[in-house]
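An overview of the molecular structure
For reference, the chains in residue letters:
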Amino acid sequence: DWFGYDVSMYADSVIVGAPHDRIIQEFESSSYYDEGAVYFFQRCPNRNYGYYMVRKDYGNENIMKNNMLGWAVSISEDYAVSGIPKTDILSSSICYLRGSLFQSHFCESSAESSLQGQFILYNKVTSSLFNTDTANIDWDIVNIYQIKKRYLSPYRDYGWDIDICEQFIIVGSPMMISGSQTVMAFF
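Values in this document were obtained by computation on a predicted structure and should not be read as measured data. (Residues numbered from 1 in each chain as written. Predicted model: local features only at pLDDT ≥ 70, side-chain atom pairs only at ≥ 80, totals over all residues. Heavy atoms only, no water.)

This next bit is on a nonpolar patch on the surface. Residues Tyr79, Val142 and Tyr145 make up a contiguous nonpolar surface patch of about 270 Å² in total accessible area. Along the chain, Tyr145 falls in strand β10 (residues 137-148). On the accessibility criterion, Tyr145 (33% relative accessible area) is partly exposed. (Patch = residues over 30% accessible without salt bridge, like charges linked within 9 Å, V, L, I, M, F, W, Y side chains within 5 Å. Areas by Shrake-Rupley, 256 points an atom, 1.4 Å probe, with all protein chains shown as cover. Salt bridge = Lys/Arg side-chain N within 4 Å of Asp/Glu carboxyl O. Helix = DSSP H or I, 4+ residues; strand = E, 2+ residues; numbered from the N terminus. Buried < 20%, exposed > 50% of the residue type's maximum accessible area, 1.4 Å probe, protein only.)

So, in structure tokens, the structure goes:
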């Protein structure tokens, strides 16, 4: 599952990426697709006990199919982010899953509208309603952000690296370069 492909730590919180966590099938006789995951760990209240797992997350109904959630992760203060590049950067899949209960997808017919990647923003939540044996912490999804092909010219993928600090999130979008006469222009 590539658990630990990317790891980030801030204070007593740890996020671990597993970009090939599982292969799932939406319904019988449908095709299989890859799904990544992120794991959140928190230091135990008794620091001598180490860390405990707070959450294992696969995203929500807006995450694209064939994703590598957890390929890149970063955590800072009360926020964490994870990059979600496509499994096959050359694929033109333009669908994302919309609710496992109804098994429907949202697709656009234009290749320019294909999703080139996503990232998830998480927020640390503290509550006395959680397990009293632990530190009463959980991580919730704030939003899933995505970008379409038409906004990445020249063509490139999105979500291959990610970093977060106090006020900024930076998402890597590498450009595939091939051939011996490739010229790059920087503006």
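So that's the structure; there's more coming.
Before going further, it helps to spend a moment on the pattern of salt bridges. Using the criterion set out here, one finds 6 salt bridges in the structure. In this structure, Arg47 engages Asp12 in a salt bridge whose closest nitrogen and oxygen atoms are separated by 3.3 Å. Residue Arg47 is located in the loop between β3 (32-43) and β4 (51-57), and its partner Asp12 is located in the loop between β1 (7-10) and β2 (13-25); the two are separated by 35 residues in the primary sequence. Arg47 gets classed as partly exposed once you look at its relative accessible area, which sits at 48%. A relative accessible area of 29% means that Asp12 is categorised as partly exposed. A salt bridge links Asp21 to Lys56, with the nearest nitrogen and oxygen atoms 3.2 Å apart. Highlighted residues: Asp21 in strand β2 and Lys56 in strand β4, separated in sequence by 35 residues. By relative accessible area, which is 13% here, Asp21 ends up buried.

Here the focus is the sheet that holds β1. Taken in spatial order, the 4 strands of this open sheet run β1-β2-β3-β4, and their pairing is antiparallel. If you trace the sheet from one side to the other, it starts and ends with β1 and β4, each paired once. Each neighbouring strand pair of the sheet contributes to a mean axis angle of 30 degrees, computed without reference to strand direction. When β2 meets β3, the two strands line up antiparallel, connected through 10 bridges. By the bridge assignment, Gln25 is partnered in β3 with Tyr32. (Pairing = 2+ DSSP bridges. Axes fitted to C-alpha atoms, helices over the stretch in contact; angles between N-to-C directions.)

You can see Asp140 is positioned in strand β10. Expressed as a C-alpha distance, the spacing of Asp140 and Gly59, which sit 81 residues apart in the sequence, is 9.8 Å. When sequence neighbours within four positions are dropped, the list of residues in contact with Asp140 reads Arg55, Leu121, Tyr122, Asn123 and Val125. (Contact = heavy atoms within 4.5 Å.)

Examined against the element boundaries, Met68 turns out to sit in the loop between β4 and β5 (72-76). The buried category is assigned to Met68, whose relative accessible area is 3%. For Met68 and Ser82, which are 14 residues apart along the polypeptide, the C-alpha to C-alpha distance reads 9.6 Å.

Here the structure, examined in full by the defined rule, presents 10 aromatic pairs. Ring geometry for Phe40 and Trp139: centres 5.0 Å apart, planes at 10 degrees, overall stacked. Highlighted residues: Phe40 in strand β3 and Trp139 in strand β10, separated in sequence by 99 residues. Per residue, the accessibility class of Phe40 equals that of Trp139, and both read buried. In this structure an aromatic cluster arises from ring pairing among Trp2, Tyr5, Trp71 and Trp160. Across from the ring centre of Tyr58, 3.7 Å away, lies the NZ or CZ of Arg22, which sits over that ring. (Phe/Tyr/Trp six-rings, centres within 6.5 Å; stacked < 30°, edge-to-face > 60°. Lys NZ or Arg CZ within 6 Å of the ring centre and 35° of its normal.)

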